[in-house]
Amino acid sequence: MRVATWNVNSALSRLPRLLPWLDERRPDVVCLQETKLSDEAFAATFGGPLAERGYEVAHVGEGRWNGVALLSRVGLDDVERTLPGAPEFGGVLEARAVTATCGGVRVTSVYVPNGRTPGDPHYAYKLEWLAALRAAVTDPATAVVAGDMNIAPTDADVWDPSVFVESTHVTPPERAALGGLIGLGLRDVVRDRWPGERVFTYWDYRAGRFHQDKGMRIDLVLAGSAVADRVAAAWVDRQARKGKGPSDHAPVIVDLDTAPDGDIGPVVPPPSTPAKLPHRE
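Residues numbered from 1 in each chain as written. Predicted model: local features only at pLDDT ≥ 70, side-chain atom pairs only at ≥ 80, totals over all residues. Heavy atoms only, no water.

**Describing the overall build of the protein chain**
In step 1: Each helix and strand in the protein chain was counted, giving six helices and 12 strands.
In step 2: For the protein chain, the C-alpha radius of gyration of 17 Å lies close to 19 Å, the compact-globule estimate for 281 residues.
In step 3: Dimensions of the protein chain, computed from the C-alpha atoms along their principal axes, are close to 50 × 45 × 40 Å.
In step 4: Within the protein chain, the fraction of its 281 residues that count as buried is 54%.
In step 5: Sequence separation of at least 24 residues holds for 73% of the intrachain contacts in the protein chain that already meet a minimum separation of 6.
In step 6: For the protein chain, the accessible surface area stands at approximately 11400 Å², while carbon and sulfur atoms represent 53% of it. (Helix = DSSP H or I, 4+ residues; strand = E, 2+ residues; numbered from the N terminus. Rg over C-alpha atoms; globule rule 2.2 N^0.38 Å. Buried < 20%, exposed > 50% of the residue type's maximum accessible area, 1.4 Å probe, protein only. Contact = heavy atoms within 4.5 Å. Areas by Shrake-Rupley, 256 points an atom, 1.4 Å probe, with all protein chains shown as cover.)

See the structure below:
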């Protein structure tokens, strides 16, 4: 079973790329984030093409912002369209999580709040939302939580830690909240697979950062032991970040049981400026 997660940063904008990517990579389960569509608009645009490709769909959207989806060719059962206990922001329960059982695995597609800046109300909201996510994972062994976490787990997951000193995504409370989620028994399968490699999933559109490989690893696949033990390959499809009209995120792909493309490494193709992580004791 091939599981993928991708923050598409507007499903409509990514329409010319998303469907061909599904045809090329043929994932069985796909977690999408930032669809930026209502449920009705997503169904009108994607319902037919996805059904033709054999996908069942659970989409939770609010229109202009946010929006998450699960696409599955291996079943889509017991769908939960809200995150239990999730806080509101500005009086709105945002579209940031959807969960279903796909091929015997309980999969949650998540778009964690950005946080904006430390001290901003959105930052406190982010931490509250992460606490609700942790509480919602009731059977960690068979769970997959995948998506845009908006947290770089360690300094090794950003291109230059000094650039992010005053920023979100790297603060101790955020990393502690992510650690609490992992502490349930979930494993960061990409880092497990490639412990010493330079691996990013997001590159700002500005200043040619993609071509300089100045990125961050904030899109994660966290899996319980029953799933993580089945991982045959885990990689970042960097090719999907290239070319005309890309998202600023690349898909993360995890192959369970078999690896159709082989164990091809953390990025495809190799980064423009390859480098190993600094040595860590």
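**Focus: the nonpolar core**
In step 1: Core analysis: the biggest nonpolar cluster contains 36 residues, and L70, V107 and V144 have the highest contact counts within it.
In step 2: If near-sequence neighbours (up to four positions away) are discounted, V144 is found in contact with V105, R106, V107, T108, V221, L222, A223 and V227. (Core = buried A, V, L, I, M, F, W, Y, C linked by side-chain atoms within 4.5 Å.)

**Topic: the side chain of H59**
In step 1: Looking at the element boundaries, H59 is found in strand β3 (residues 56–60).
In step 2: Overall, H59 belongs to the buried group, its relative accessible area being 5%.
In step 3: At 2.8 Å, the side chain of H59 forms a polar contact with the side chain of T35.
In step 4: Engagement of the side chain of H59 in a polar contact is seen with the side chain of D39, the distance being 2.8 Å.
In step 5: For H59, the contacting residues outside a window of four places in its chain are T35, L37, S38, D39, F42, V68, A69 and R81. (Polar contact = N/O pair within 3.5 Å; in protein donor to acceptor, adjacent residues only side chain to side chain.)

**A short note on empty space enclosed by the protein**
In step 1: Enumeration over the complete set of coordinates arrives at one cavity of 30 Å³ or more.
In step 2: Its boundaries defined by the atoms lining it, the largest cavity holds a volume of some 30 Å³.
In step 3: Contributing to the lining of the largest cavity are V3, V144, V221, A223, V227, V254 and L256.
In step 4: Elements with a minimum of two residues in the lining of the largest cavity: β10 (219–223) and β12 (252–256).
In step 5: Tallied by class, residues from the lining of the largest cavity come to seven nonpolar, no polar and no charged. (1 Å grid on protein atoms, 1.4 Å probe; cavity = no way out; pocket = protein on both sides within 12 Å on 5 of 7 lines; lining within 4 Å. Points joined across faces, edges and corners; volume = space filled by probe spheres on them. Nonpolar A, V, L, I, M, F, W, Y, C, P; charged D, E, K, R; others polar.)

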